[in-house]
Amino acid sequence: MDFSIKAFDAKNTLATAKAGVIAVAVYENKKLSQAAKALDQNGDIAAALKSGDISGKAGSTLLLRGVAGSAAQRVLLVGMGADETASEKTFTSAVTATMKAFASLGAADGIIAFPLASVKERDINWALRAIVVAGFESEFRTDTQKSKKDPAPAGVRKVTIATDAAAQAKAALAQAVAIANGMNLTKELGNLSPNVCTPTYLANTAKKLAADFGFDVEVLERKQLEALKMGSLLSVAKGSDEAPKFIVLKHNGGKKGAAPVVLVGKGITFDTGGISLKPGPGMDEMKYDMCGAGSVLGTFRAIGEMGLKLNVVGIVAACENMPSGRASKPGDIVTSMSGTTIEILNTDAEGRLILCDALTYAERFKPAAVVDIATLTGAVIVSLGNHKSGLFTRHDDAHDKLADELVAAGKQAGDTAWRLPIGEEYNEQLKSNFADLANIGTPGGASITAACFLENFTRKYTWAHLDIAGTAWKSGAQKGATGRPVPLLTTFLMNRV
Ligand code: BES
Ligand code: MN
Ligand code: ZN
């Protein structure tokens, strides 16, 4: 979908705007939005609302043709809830309904004239991003690997968003489009089958991104990981015939020498559990165990397109977790890059085993902050469901500040996270009789002990961990990657400029 911004004024009125369709908001209290009023010369719109042809409920729509007060061929009335102050939810369902209606019209271009500043506690940037993301979502297809492609997106493909603050909105629109493009990459990578989206595929994707957007890129091979003594990461990789890849991307958008923000993504391209094998049903969804890595690549896509003025390093630790004659066994003890020895009590707790070495590697960048992103635990779905990503950091002033930044960015971007605690009482559970650390604790609070495990490797910098196991993809009939938390991460980075 192609988006642009246009300011309408006294000379260049909405009423005289030519388009296949104009979408305007109406409310359950029978009131018209300003834009709807501007088109309602003959009272057709007010009459439609009064007669009950459209309820005004968020997401209800009514298509009118030949409205006297509009030069457009059609006017789409869109319900935006009870009254003139929309909630995030009412605005989003209005936008989704608009995109659905647009897709089935015999019109190629449309105007969305919604009250962008009417959403409680959210700004125009939020509203623009909601519109663009819904537009991209409506066109997203999962047919990359189908021999017969799904029907191509139809209907309105060119959308002009009406606003009165055109200059600010133009910049915000460009950022929203960059975020949506980043989400599409993350979704595509997540949905690809695990025999295609291997560690090598992720490395090639990173190289292509680097070529397209001018990032520095380096891909470390098994030999180099051995030289770095990444014994923990390599213990996961060794059960698989796929070569591990350790990908380092650099976006040098900030001042030369300024400390970078480092993003670290879990890139398990398939998680069988290893010798601690997972149950069969639903195991296909463990192709999504690289969604942390996918979100790092998608965020780079977004900040590359934006030309973000910040130094950002992206690290992707990619391998498969397979059972084999060479795989780790429960009880194996390995030595991480940091020198800490780890007793692998469960080979299915592999994410932390690859991340701990990536987090140690991150030290060399003297980072301003490190954020790791991982589909780390099923337990985070028990805690937070599929709505919010789990956020973990230490509990001191610097980390409270980082946590607040991430939570705020999530709200701003419609991609929320919720902070959970970590601490000594949980870390206790990771004691081993035979090694410095065990890789699992007791079943209760498993997301927290997983975060505590990582915390042990992050004491040289400010760090946060996002557990995205509940938010990175959807199961069931709607199975597919969501593109989260690219909006959160990108907004967090934008706020740091
Ligand atoms: N990739 C999984 C986490 C996961 C499981 C995400 C289900 C989404 C849905 C991770 O590697 C894993 O297996 N974690 C274990 C940890 C346990 C062994 C302590 C889990 O959550 O069961
Ligand atoms: Mn696992
Ligand atoms: Zn995993």
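Residues numbered from 1 in each chain as written. Chains lettered and ligands numbered in written order. Predicted model: local features only at pLDDT ≥ 70, side-chain atom pairs only at ≥ 80, totals over all residues. Heavy atoms only, no water.

- Identification of the protein chain as Probable cytosol aminopeptidase from Massilia terrae is taken from an unreviewed UniProt entry.
- Of the protein chain, the UniProt comment under Function (unreviewed entry) reads exactly: "Presumably involved in the processing and regular turnover of intracellular proteins. Catalyzes the removal of unsubstituted N-terminal amino acids from various peptides." (UniProt positions renumbered as here; feature names shortened; annotations may be inferred.)

1. Here we look at the site of ligand 1
Step number 1: Taken together, 16 residues form the shell around ligand 1, and within it Lys278, Asp289, Asp348, Glu350 and Gly378 come nearest.
Step number 2: Asp271 places a side-chain nitrogen or oxygen 2.9 Å from an oxygen atom of ligand 1.
Step number 3: Partitioning the shell around ligand 1 into residue classes produces five nonpolar, four polar and seven charged. (Near = heavy atom within 4 Å. Polar contact = N/O pair within 3.5 Å; in protein donor to acceptor, adjacent residues only side chain to side chain. Nonpolar A, V, L, I, M, F, W, Y, C, P; charged D, E, K, R; others polar.)

2. Considerations on the coordination of the manganese ion (ligand 2)
Octahedral metal centres with six donors ideally show angles of 90 or 180 degrees, and tetrahedral centres with four donors ideally show 109.5 degrees.
Step number 1: Taken together, Asp271 (OD), Asp348 (O), Asp348 (OD) and Glu350 (OE) make up the protein donors of the manganese ion (ligand 2), found 2.1 to 2.2 Å from the metal.
Step number 2: Each of the six donor atoms bound to the manganese ion (ligand 2) contributes to angles spanning 72 to 169 degrees, and the resulting shape is irregular.
Step number 3: Counting the intervening residues between successive donors of the manganese ion (ligand 2) yields the motif D-x76-D-x1-E. (Donors = N, O, S within 2.8 Å, 3.2 Å for Na, K, Ca; no water. Tetrahedral: all angles 85-135°; square planar, octahedral: opposite > 155°, others 65-115°.)

3. Re the side chain of Asp372
Step number 1: Within the element layout of this structure, Asp372 appears in strand β13 (residues 369-374).
Step number 2: A polar contact of 2.8 Å, which involves the side chain of Asp372, links it to the side chain of Trp463.
Step number 3: The residues touching Asp372, leaving out its near neighbours within four places in the chain, are Val264, Leu355, Leu359, Leu454, Trp463, Ala464, His465 and Leu466. (Helix = DSSP H or I, 4+ residues; strand = E, 2+ residues; numbered from the N terminus. Contact = heavy atoms within 4.5 Å.)

4. Focus on the coordination of the zinc ion (ligand 3)
Step number 1: Those protein atoms acting as donors to the zinc ion (ligand 3) are Lys266 (NZ), Asp271 (OD), Asp289 (OD) and Glu350 (OE), and they sit at 2.0 to 2.4 Å.
Step number 2: Considering all six donor atoms around the zinc ion (ligand 3), the spread of angles at the metal, 78 to 176 degrees, places the coordination shape in the octahedral class.
Step number 3: Considered as a linear motif, the donors of the zinc ion (ligand 3) on their single chain read K-x4-D-x17-D-x60-E.
Step number 4: Between the zinc ion (ligand 3) and the manganese ion (ligand 2) the interatomic distance amounts to 3.1 Å, and Asp271 serves as a bridging ligand to the pair. Of this pair, Asp271 sits in strand β9 (residues 261-271) while Asp289 sits in the loop between β9 and α9 (291-306), and the two are 18 residues apart along the sequence.

5. Some words on the sheet that holds strand β15 (residues 417-419)
Step number 1: Strand order in the open sheet formed by eight strands is β7-β8-β10-β9-β13-β17-β14-β15, and the pairing between neighbours is mixed. Strands with a single pairing partner mark the edges of an open sheet, and in this sheet they are β7 (216-220) and β15. Taking the axes of each pair of neighbouring strands and ignoring which way they run, one obtains an average angle of 20 degrees across the sheet.
Step number 2: By the bridge criterion, five bridges tie β9 to β13 in an arrangement that is parallel. Bridge pairing in β13 places Leu263 opposite Val371.
Step number 3: On top of the sheet, helix α6 (residues 199-213) reaches β7, β8 (245-252), β9 and β10 (311-321); it is set at about 15 degrees to β8, its chief contact.
Step number 4: Across the sheet, helix α14 (residues 446-455) touches β13, β14 (389-392) and β17 (463-467), and the angle it forms with β17 is around 145 degrees. (Pairing = 2+ DSSP bridges. Axes fitted to C-alpha atoms, helices over the stretch in contact; angles between N-to-C directions.)

6. Section: the domain arrangement of the protein chain
For interface size, the figure often reported is the accessible area lost on association.
Step number 1: Per the domain assignment, the segments making up the protein chain are domain 1 (2-146 + 155-160) and domain 2 (185-496).
Step number 2: Facing eight residues of domain 1, the contacting portion of domain 2 comprises ten residues.
Step number 3: Summing the contributions of domain 1 and of domain 2, the shared interface buries around 820 Å²; its carbon and sulfur component is 44%.
Step number 4: Residue Lys187 is joined to Glu137 by a salt bridge in which the shortest nitrogen-to-oxygen separation is 2.6 Å.
Step number 5: The interface formed by domain 1 and domain 2 contains five residue pairs in polar contact (both at pLDDT 80 or more).
Step number 6: Its residues placed into classes, the side of domain 1 that touches domain 2 shows two nonpolar, three polar and three charged. (Domains from an automatic or database assignment. Buried area = accessible area lost by both parts, 1.4 Å probe. Salt bridge = Lys/Arg side-chain N within 4 Å of Asp/Glu carboxyl O.)

7. Section: the UniProt feature "active site" (unreviewed entry) in the protein chain
Step number 1: Per the UniProt record, "active site" (unreviewed entry) is annotated on Lys278 and Arg352.
Step number 2: Within the secondary structure, Lys278 sits in the loop between β9 and α9.
Step number 3: The class of Lys278 is partly exposed, set by a relative accessible area of 21%.
Step number 4: Dropping the residues within four chain positions of it, Lys278 is found in contact with Asp271, Thr272, Gly273, Met283, Met286 and Asp348.
Step number 5: Here Arg352 lies in helix α10 (residues 351-361).
Step number 6: The buried category is assigned to Arg352, whose relative accessible area is 6%.
Step number 7: Excluding residues that lie within four positions of it along the chain, Arg352 makes contacts with Leu376, Thr377, Asn439, Ile440, Ala450, Phe453 and Leu454. (Buried < 20%, exposed > 50% of the residue type's maximum accessible area, 1.4 Å probe, protein only.)

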